[in-house]
Amino acid sequence: MLMRRWTPPSQVPTTSLDVAGGGSGHHPKQRTFLRWAKVFIYLIIAITLIVFCTIYTIQKENFFNEEYNRQQRNEQNREDRLVFKEFLDEISKLMVTNSIDLIQAKTLMIIPKLNKQQKQDLLFFLYSQKLLQNSTDFNLQNMNFNDIELFCSNHFQQIHLIGVQLKNAIFRNCHFKSASFQQSNLFNSRFINSSIENSSFIRANLDQSQFIRTDIRHVDFTEASLSQSNFLQANIVQGNRFLNADLYQANLTEHQINGKYGLSTIEHDFTNARFPNGSFHVDESERNLIINGEDVNLIFFFKIFL
């Protein structure tokens with residue numbers, strides 16, 4: 001009898017595990033996780049590229065804008081310096097012909113265009129040309145010199161800055177003698193390492209101003225507002241006139257109020273002035289009209305009608 005040779009079947013039998021695994025060796029949940037992981041990775045890469053491109057574009061645009069603005073500022077500054085130089089040259093020529101009215105008109109026109117440094121230079125120039133020593137012919141009334149910083153190297157003799165806006169101004173090493181700041185607005189100004197002598201601040205606004213290492217002697221503060229001003233760091237405060245001045249909440253030492261410095265005493269004139277504590281100065285001749293800090297108006301009534 002002939003024996004047939006055994007050959008394996010053409011199809012390998014499968015089991016339930018093989019059918020469940022789909023013949024790939026991975027569970028369906030694992031395949032799903034892998035697909036979502038790939039999607040997430042691609043999404044992160046795409047977002048990263050988008051963010052990078054966006055940031056790069058914005059930074060590049062900002063850089064060019066800043067560079068453009070810087071060039072514009074430099075160009076504007078060059079033009080401003082040129083205009084200011086031409087103005088100074090023109091004023092110098094007009095000084096020869098003594099055309100004060102024309103000089104004033106041109107000065108008032110250019111001031112609003114100047115920066116703080118140029119305004120400082122302008123004051124020095126006008127003073128050197130002796131235009132600020134006489135307020136009747138030339139003045140800077142109502143002109144804006146706010147936030148100016150004056151670093152003085154010379155004395156200012158008889159300088160007139162009447163009715164000028166000088167809020168937040170800083171005066172360093174400035175020595176004012178016979179100067180006039182009448183009706184000027186010096187709110188929150190600072191006088192540092194300076195001196196003020198025989199000068200006038202009549203009806204000036206000096207609220208919240210500070211006097212630091214500064215001498216203040218024989219200064220007229222008539223009707224000036226000095227509310228919350230600070231004299232505590234001033235060197236000398238003697239012989240000043242505070243007629244009708246407002247010193248409410250101002251900071252002064254007892255010696256400064258009494259006009260004392262070292263062994264010398266030069267009293268102030270506080271006629272009708274309001275003191276830091278809110279009280280008013282009363283002359284000896286009027287003291288009998290005050291009872292417990294209040295005016296006895298009936299005394300005047302009886303004096304009139306009796």
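Residues numbered from 1 in each chain as written. Predicted model: local features only at pLDDT ≥ 70, side-chain atom pairs only at ≥ 80, totals over all residues. Heavy atoms only, no water.

Novice: Could you give an account of the packing of helix α2 (residues 28-97) against helix α4 (residues 116-128), naming the residues involved and the relevant values?
Specialist: Orientation of α2 relative to α4, taken along the N-to-C sense of each, is 10°, at an axis distance of 12 Å. Overall, the two elements α2 and α4 adopt an arrangement that is roughly parallel. Within the contact between the two elements, α2 uses Asp80, Arg81, Phe84, Phe87, Leu88, Ile91 and Ser92 and α4 uses Gln118, Asp121, Leu122 and Phe125. Among the residues making up the contact of α2 with α4, the classes are represented as 6 nonpolar, 2 polar and 3 charged. (Axes fitted to C-alpha atoms, helices over the stretch in contact; angles between N-to-C directions. Helix = DSSP H or I, 4+ residues; strand = E, 2+ residues; numbered from the N terminus. Parallel < 35°, antiparallel > 145°, perpendicular 65-115°, else oblique. Contact = heavy atoms within 4.5 Å. Nonpolar A, V, L, I, M, F, W, Y, C, P; charged D, E, K, R; others polar.)

Novice: Which residues make up the sheet that holds strand β3 (residues 170-172), and what are the values?
Specialist: Backbone-to-backbone hydrogen bonds join strands into a sheet, with any given pair of strands oriented parallel or antiparallel. As summarised here, the arrangement of the 4 strands in space is β1-β3-β5-β7, forming an open sheet in which the pairing is parallel. Two strands close off the open sheet at either side, each with one partner strand: β1 (149-151) and β7 (210-212). Between one strand axis and the next, the sheet turns through 5° on average, direction left out of account. Two elements, β3 and strand β5 (residues 190-192), share 3 bridges in a ladder whose sense is parallel. Within β5, the position partnered with Phe171 by the bridge is Phe191. (Pairing = 2+ DSSP bridges.)

Novice: Before we move on, could you go through the packing of α2 against helix α3 (residues 100-110) and cite the residues and values that matter?
Specialist: With their axes 10 Å apart at the nearest point, α2 and α3 run at an angle of 165° to one another. Put simply, α2 runs roughly antiparallel to α3. Viewed along their axes, α2 and α3 form a crossing whose handedness is left-handed. Side by side, α2 and α3 meet where Val83, Phe84, Phe87, Glu90, Ile91, Leu94 and Met95 of the first sit next to Leu102, Ile103, Lys106, Thr107 and Ile110 of the second. Counted by class, the contact of α2 with α3 contains 9 nonpolar, 1 polar and 2 charged residues. (Left-handed = near helix turned anticlockwise from the far one by under 90°.)

Novice: Tell me about the sheet that holds strand β4 (residues 175-177), and please be specific about residues and values.
Specialist: Spatial ordering of the open sheet is given by β2-β4-β6-β8-β9, a layout of 5 strands whose pairing is parallel. Looking along the sheet, the strands with just one partner apiece sit at the ends: β2 (155-157) and β9 (236-238). For this sheet, the mean inter-axis angle between neighbouring strands, taken without regard to orientation, is 10°. The sheet contact formed by strand β8 (residues 215-217) and β9 spans 3 bridges and is parallel. If you follow Asp215 over to β9, its bridge partner there is Ile236.

Novice: Can you tell me about the pattern of salt bridges, naming the residues and giving the values?
Specialist: Scanning the model with the defined rule gives 5 salt bridges in all. Salt-bridge contacts for Glu223 lead to Arg203; the nearest nitrogen and oxygen are separated by 4.0 Å. Of this pair, Glu223 sits in the loop between β8 and β9 while Arg203 sits in the loop between β6 (195-197) and β7, and the two are 20 residues apart along the sequence. Judged by relative accessible area, Arg203 falls into the partly exposed class, the value being 43%. (Salt bridge = Lys/Arg side-chain N within 4 Å of Asp/Glu carboxyl O. Buried < 20%, exposed > 50% of the residue type's maximum accessible area, 1.4 Å probe, protein only.)

Novice: Mind laying out the side chain of Ser229, listing which residues take part and the relevant values?
Specialist: Here Ser229 lies in the loop between β8 and β9. Under the relative-accessibility criterion, Ser229 is labelled buried at 0%. Within the structure, Ser229 has its side chain in polar contact with the backbone oxygen of Leu226 (distance 2.6 Å). When near neighbours in sequence (up to four residues on either side) are disregarded, Ser229 contacts Leu206, Gln208, Ser209, Ala250 and Asn251. (Polar contact = N/O pair within 3.5 Å; in protein donor to acceptor, adjacent residues only side chain to side chain.)

Novice: Account for the state of the cysteines, naming residues and giving values.
Specialist: This model, assessed by the stated rule, comprises 1 disulfide. Disulfide partner of Cys152: Cys174, at an S-S distance of 1.9 Å. Where Cys152 bonds to Cys174 through sulfur, the torsion about that S-S bond is close to 65°, and the disulfide is right-handed. Taken as a pair, Cys152 in the loop between β1 and β2 and Cys174 in the loop between β3 and β4 lie far apart in primary sequence, 22 residues in all. Take Cys152 and Cys174: they sit in the same class, and that class is buried. (Disulfide = S-S within 2.5 Å.)

Novice: Describe the nonpolar core, listing the residues and the values that go with them.
Specialist: Formed by 58 residues in total, the largest nonpolar core has its most connected members in Leu140, Phe145, Leu166, Phe171, Phe176 and Phe201. Among the elements of the structure, α2, α3 and α4 are those that each provide at least two residues to this core. Apart from residues lying up to four places away in sequence, Phe176 is in contact with Phe156, Ile159, Phe171, Phe181, Phe191, Ser195, Ile196, Glu197 and Ser199. (Core = buried A, V, L, I, M, F, W, Y, C linked by side-chain atoms within 4.5 Å.)

Shape descriptors only; they carry no functional weight alone.
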